[in-house]
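Architecture at a glance
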Amino acid sequence: MHLLLDFINAVLQNAGLPRIAEVQIMNPFNLKTYREDKESILDIKAKDENNRQFHVEIQVAGTPHGHIKRMLYYWARIYQQQMKQGSDFRLLHPVVCINLLSFNLFNQVELFHLCFLATAMNMPGCVLSTDFQIHTIEIFKTKIELHSRNLTRLEKWVYFFLYIHQIEEGSEEMTFLQKDDPVMREACDAYKSFIRDPELVARETSRAMFLSDQTTNLNIAREEGLEKGLKKGLKKGMEKGVREHAVATARKMKTAGMDAKLIEQFTGLAEEQIGEI
């Protein structure tokens, strides 16, 4: 529980927002859910001491347009689910969605962590409501050097998510992560427990294969589409060239005073087409 609390506070602190004192997980880990959801690695719903709702998700596949819609949908769904028929709207609590992404949504922005709020376009300081809050963390935008003394808490967590699966016991990277940091030591221990569970490892392998299959199929579809497009374009080009040649020939024959029927027979053009030349 305190691992999640530490991570959420790292996100909030990085955005200049107040920390929370405690967190309660609302959807305990369920292997069946984990087994069926092949696109996200982590999906945690929690609430803090003030009943503010948190949704933390790691996404390993997606597209900018599609994922932005997904984030908005999840925020709206969690917000709406607090209401029961006939409830008082004032009982709705804020919802904070935190999305760790292994792809970039905003290539034009260098910052790896963005926090979106409901504010006035021409006056950002005018907040419509603090109930809306979506964080995006594009992990591959981070430039984290080993042994850096200036890492923020969030950067250290991102380092953990990026490299933990590559780190060997007793390695320089593992030492760096765990040095004087009991939370990171516990996080590393939790990961070690995970990789010792054969069923979870099998499911993770299945997920990795699913994503590779998706990438392969997408690339094949693109290549086939490109090939078809080139063939179609070449065919259209040839047809256009043949028609232009026929029109030019028909024009010369017509100028020479030749009979329309003969021109039609020779060029393959319809009588109406010949008449328009």
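The structure contained in this document is the topic of the report that follows.

Reading guide: rules and limits
- Starting afresh in each chain, residues are numbered from 1 along the sequence in its written order.
- For this predicted model, a pLDDT threshold of at least 70 governs which residues receive local features, and a threshold of 80 or more governs which side-chain atom pairs are given and counted, while totals over whole chains, interfaces and linings are taken from all residues.
- The side-chain values count all of the structure's non-hydrogen atoms but skip hydrogen atoms and water molecules.
- Relative accessible area decides the class of each residue, using a 1.4 Å probe on protein chains only: under 20% of the type maximum gives buried, over 50% gives exposed, and in between gives partly exposed.
- Numbering of helices and strands runs from the N terminus, with a helix taken as a DSSP run of H or I at least four residues long and a strand as a DSSP run of E at least two residues long.
- Convention adopted: a line fitted to C-alpha atoms gives each axis, helices being fitted over their contacting stretch, and angles between N-to-C directions are expressed from 0 to 180 degrees.
- Here the word oblique covers every angle except those under 35 degrees (roughly parallel), over 145 (roughly antiparallel) and from 65 to 115 (roughly perpendicular).
- Two helices cross in a left-handed way if the nearer one is turned anticlockwise from the farther one by less than a right angle. They cross in a right-handed way if the turn is clockwise.
- Throughout, a contact is declared for two residues whenever any of their heavy atoms are within 4.5 Å.
- Side-chain classes are defined by residue name, with Ala, Val, Leu, Ile, Met, Phe, Trp, Tyr, Cys and Pro counting as nonpolar, Asp, Glu, Lys and Arg as charged, and the others, Gly among them, as polar.
- By nonpolar core we mean a set of buried residues, namely Ala, Val, Leu, Ile, Met, Phe, Trp, Tyr and Cys, connected to one another through side-chain atoms within 4.5 Å.

**As for helix 4 (residues 153-163)**
- For helix 4, the tally of buried residues reaches eight of 11 residues, placing the bulk of the element in the interior.
- Taken residue by residue, helix 4 has Leu154, Glu155, Lys156, Trp157, Val158, Tyr159, Phe160 and Leu162 as its buried positions.

**Re the packing of helix 1 (residues 2-14) against helix 4**
- Two numbers describe how helix 1 lies on helix 4: the axes approach to 8 Å, and their chain directions differ by 125°. Taken together, the axes of helix 1 and helix 4 are oblique relative to one another. Considering how the two elements wind past one another, helix 1 and helix 4 form a crossing that is left-handed. Only Arg153, Leu154, Trp157 and Phe161 of helix 4 make contact with helix 1, whose side of the interface consists of Leu3, Asp6, Phe7, Ala10, Val11 and Asn14.
- Residues belonging to the contact of helix 1 with helix 4 are distributed by class as follows: seven nonpolar, one polar and two charged.

**Quick look at the nonpolar core**
- If you look at the biggest cluster of nonpolar residues, it comprises 37 residues, and the most contacted ones within it are Phe7, Ile8, Ile98, Ile137 and Trp157.
- Looking at this core, the elements that each hand over two or more residues are helix 1, strand 2 (40-48), strand 3 (53-59), strand 4 (95-101), helix 4, helix 5 (172-178) and helix 6 (182-195).
- Ranked by residue count, the leading element in this core is helix 1, at eight residues.
- Residues in contact with tryptophan 157, not counting those within four places in the same chain, are Leu3, Asp6, Phe7, Ala10, Val183, Met184 and Ala187.
- If you look at the next biggest cluster of nonpolar residues, it comprises 15 residues, including Tyr79, Leu92, Cys97 and Leu101.

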